[in-house]
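Examination of the molecular architecture
These are the residues of each chain, in order.
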Amino acid sequence: MNGAAEVTTSKMLKRRRSALGTQNPWWAQAIIYLILFVLGLITFIPILNVLAISFSEASQIRLNPMMLIPQQFTLSAYEYIFSTPILTRSFLITVMVTAVGTFFNLMFTAFAAYGLSKPKVPGYTFFTWMIILPMLIGAGLIPYYILLKNIGLIDSLWVLILGGLVSPFNFILMRNFFWSIPEGIEESASIDGASELMTLWKIILPLSKPVLATVGLFYAVGHWNDYFNGLIFINDNTKWPLQVVLRSIIIDQNMMNMGAIPQSMDPSKVVVTPENIKAAAIIFAVLPIMLCYPFLQKYFVKGIMIGSVKG
Amino acid sequence: MASLRAGHRSTKLSSPLWSNIKRYKFMYILFIPAIIYFIIFSYVPFYGLTIAFKKYMAFQGIWDSPWVGLDNFRYIFSSEKFLTVLKNTVLIHTYALIFGFPIPILFAILLNEVKNQLFKKTIQTVTYFPHFLSWVVFAGIVVNFVGPTGVINTILVNLGMQPLNFLTDTELFRPMLIVTGIIKEFGWGAIIYLAAISGIDQELYEAARVDGAKRLRQIWHITLPGMRPIIILMFVLNLASILDAGFDQVFNLYNPAVYEVADIIDTYVYRVGIQSTDYSIATAVGIFKGVVGCVLIISANSMVRKWEGRSLW
C-alpha cells in the first residue's frame, strides 16, 4: 500500500520534472534506449534460442543453430522426455517437495518471527542472534554432511525439506513486518477476549498476507531450483528432484538416465537429438517459473525493497 | 495485567524474570521449534569441525578418530593444489567485482532516464528473468549458446573465423564465467539501486535545473551521491565474500579440462570431501574459508559503521 503511494508520487514528480523540461537531448535519449535494448536482447536471445530448439525438427538444429523461432515445429522432444519415467517422476517429487517444504518453511519462519517480534520477551536478543548468526558463519559442508548421515537423513526426501527450513534472511524480513503492525491491534483483540492463538490466527496472519506471499515465493523458488541438496545428499536416483535429473541430462550429458528409448516409440521414427532433449528438458523445468513469473517478479521486488529499507 | 495476576498468585516464589517468561509463554512456544532446528542443523555441526584436527576414519566416527594436531592444515598450505584453488577463487571473485559491480549501477541510472514506462517495464521484466533460473538451467542455456555448435560459434564460423572453445579453453573459461555471471544477475542487482534512486529528493534536481545544470551533471552531482551509501554497502559486502567465487555457477559449468583455472575453494571442498571422502582435509579447508570470511565480514561491518554510520546487523 505504501509502495503504491510511492509510485504515484514518483510518477507525479516525474511528470512535473518533464513538464519543467529537464529532458536529455534526443541523441542522448536515443543512445540510452539503444543500450538498454541491447542489454535486453543479450539476456533474452540465449533463452529464446533454447525455446526454439526445443520445438524444432532435429535436422534443422544443425542447419540453423541460431534460430530464434522454431524451425519445422514439432513436439517430438517433449514426447520423448514425457515418455521416459525419470523426468516426470522427478517433476512430481519436486512439486511435492516444493509444496510441503514451503508450507513448513512458512510455518516455522512466521512463528519464529512473530515469537521474536516482542523485545520484551526475556532472552529476546540471545534467541534472535541464535537465528541470525548462521547467516554469517557456518560449520561448512562436511560437518553438515556427517550430521545428516548420523541422523539418517541421507537418501531421505526429508533432507530436501529440512535443509534450510528457516532462512535467517526471511526471518528478519517477517519480523520487521510484524514490528510494523501497531501494537494496539493486538491489545484490542486481547481486551475483546481473544486468546493469543486466536489473535495470531485471525488477525496477525491475515494482515501479513503480502509478506507471507513474498517469503513463500522466496522459499518456493528456492525449492524448485535446488539441485545441491539432492545432488549431495541423495544417492538413490529414483528419489532425485527435477534439477538433479536435469543436471545429469544437460551437464553430464547423460542420456542414459533418460532410460532407453521407450517401446511405445518406433526407433526409426525417433528424430530427437541430444540438443532437442536438453532444450526441452530445460524449458520443461523453467515452465512453472515462466507461468508464475508475473507474481514472482512483483513479490520478489517487494521483498528486496523491504529488505533494503532495513539496510 | 497478566503479570499482575501472576504476581499475586505467587509473590514469593517467582522472580520478575520467571513471571515474564510465563507471561510470554505463547511466544516461546512459537519460536522454540525454530531454535531447536538451528541447534541441530547449524550448531551441532560445529562439533564436526574437530575432524579438521584429526585423521577421520569413517568406521571410528568423529570421537574415536586419532588426533593429528595441525597436520591437515600443514598439508593444505604446502599443497600446490590448494594454492591454485585459493588463487582461482580470489581472481574469479576480483574479476567479477571489477567488471560486474558497476554494471547494475549504470543499468539503474540508465533505466531511470527512461520516460516510456512500457519500455522500462519490458526491459526490467526481461533482464530480471534469469535471476529466477537455477544455475543448472542457466548453465544449460549458456552451454547451448557458447558451445561448439552454439550461436556464438556459428557466427564466428560464418564470418570465416576459428570457433572458440569457451568451455574447455583455459584462457577463455574465466572471461566466460564473468560475462555469464553478469548477464544472469545484472538486472536483478539493479533493483536495490533503483530503490536508492527513487529515494532521492526530487527538489534537488529542480534546484540543479534552475541553476542550469545539464542532465549529466545532475546524475554526477545528485544521483550518484544519493546512491553512495548503498553502493558502499554493497561494495564492502562483496569484498567480504572474496572467498566465495560462486559455487553454483562454477560447479555447473566447469570440467576437468579447466580445473587449473576454474577450481575454487567450494568446488575443491566438494570434490575432496564428498567425492574422495577425505573429510579431514575438506573440513580444514572449510575452516580456513570460514575463519577468513568471518574476519572479513566483521571488518566490513566496522568499516561501514565508521564511514556511513550504519551497521549490517
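Owing to the predicted nature of the structure, the values given are computational and were not obtained by experimental measurement.

The rules we used
Residues numbered from 1 in each chain as written. Chains lettered and ligands numbered in written order. Predicted model: local features only at pLDDT ≥ 70, side-chain atom pairs only at ≥ 80, totals over all residues. Heavy atoms only, no water. Helix = DSSP H or I, 4+ residues; strand = E, 2+ residues; numbered from the N terminus. Contact = heavy atoms within 4.5 Å. Areas by Shrake-Rupley, 256 points an atom, 1.4 Å probe, with all protein chains shown as cover. Buried < 20%, exposed > 50% of the residue type's maximum accessible area, 1.4 Å probe, protein only. Axes fitted to C-alpha atoms, helices over the stretch in contact; angles between N-to-C directions. Parallel < 35°, antiparallel > 145°, perpendicular 65-115°, else oblique. Nonpolar A, V, L, I, M, F, W, Y, C, P; charged D, E, K, R; others polar. Left-handed = near helix turned anticlockwise from the far one by under 90°. Polar contact = N/O pair within 3.5 Å; in protein donor to acceptor, adjacent residues only side chain to side chain.

Overview of the overall build of chain B
Secondary structure assignment for chain B yields 18 helices and 0 strands. Of the contacts formed within chain B by residues at least 6 apart in sequence, a portion of 63% connects residues at least 24 apart. Carbon and sulfur atoms form 66% of the exposed surface of chain B, whose accessible area is close to 15,300 Å².

Digging into the overall build of chain A
For chain A, the helix and strand inventory stands at 15 helices and 0 strands. Buried residues in chain A amount to 49% of all 311 residues. In chain A, 72% of the contacts between residues at least 6 apart in sequence involve partners at least 24 apart. If you sum the accessible surface of chain A, you get close to 14,800 Å²; carbon and sulfur atoms cover 70% of it.

Describing the packing of helix α2 (residues 26-54) of chain A against helix α10 (residues 135-146) of chain B
Relative to each other, α2 of chain A and α10 of chain B sit at 85°, their axes nearing to 9 Å. Compared by their axis directions, α2 of chain A and α10 of chain B come out roughly perpendicular. Of the residues in α10 of chain B, those in contact with Ile-45, Pro-46, Ile-47, Asn-49, Val-50 and Ile-53 of chain A of α2 of chain A are Ile-141, Asn-144 and Phe-145 of chain B. Taken together, the residues of the contact of α2 of chain A with α10 of chain B break down into 7 nonpolar, 2 polar and no charged.

A closer look at the packing of helix α5 (residues 85-115) of chain A against helix α9 (residues 168-179) of chain A
How two helices sit against one another is set out by the angle between their axes and by the gap between those axes. Residues and elements named next belong to chain A. Look at α5 against α9: their axes get within 8 Å of each other, and the N-to-C directions meet at 50°. Of the possible angle classes, the one that applies to α5 and α9 is oblique. The interaxial crossing formed by α5 with α9 has right-handed handedness. Between α5, through Leu-106, Thr-109, Ala-110, Ala-112, Ala-113 and Tyr-114, and α9, the contact on the second element is made entirely by Asn-170, Phe-171, Met-174, Arg-175 and Phe-178. Of the residues assigned to the contact of α5 with α9, the class counts are 8 nonpolar, 2 polar and 1 charged.

Some points on the side chain of Asn-72 of chain B
All names here are of chain B. Assignment of secondary structure puts Asn-72 in helix α6 (residues 71-78). The class for Asn-72 is buried, based on a relative accessible area of 9%. For Asn-72, the side chain forms a polar contact with the main-chain oxygen of Ala-52, separated by 2.6 Å.

Things to note about the side chain of Asn-49 of chain A
Within the fold, Asn-49 of chain A resides in helix α2. Relative accessible area serves as the criterion here: at 0%, Asn-49 of chain A is assigned to the buried category. If sequence neighbours within four positions are ignored, Asn-49 of chain A has contacts with Pro-65, Met-66, Met-67 and Leu-68 of chain A together with Asn-144, Phe-145 and Val-151 of chain B.

Considering the environment of Ala-194 of chain A
Residue position: Ala-194 of chain A is located in the loop between α10 (183-191) and α11 (196-207). Beyond its immediate sequence surroundings of up to four residues, Ala-194 of chain A is in contact with Ala-189 and Thr-199 of chain A.

Function-wise, these values are silent; they only describe arrangement.
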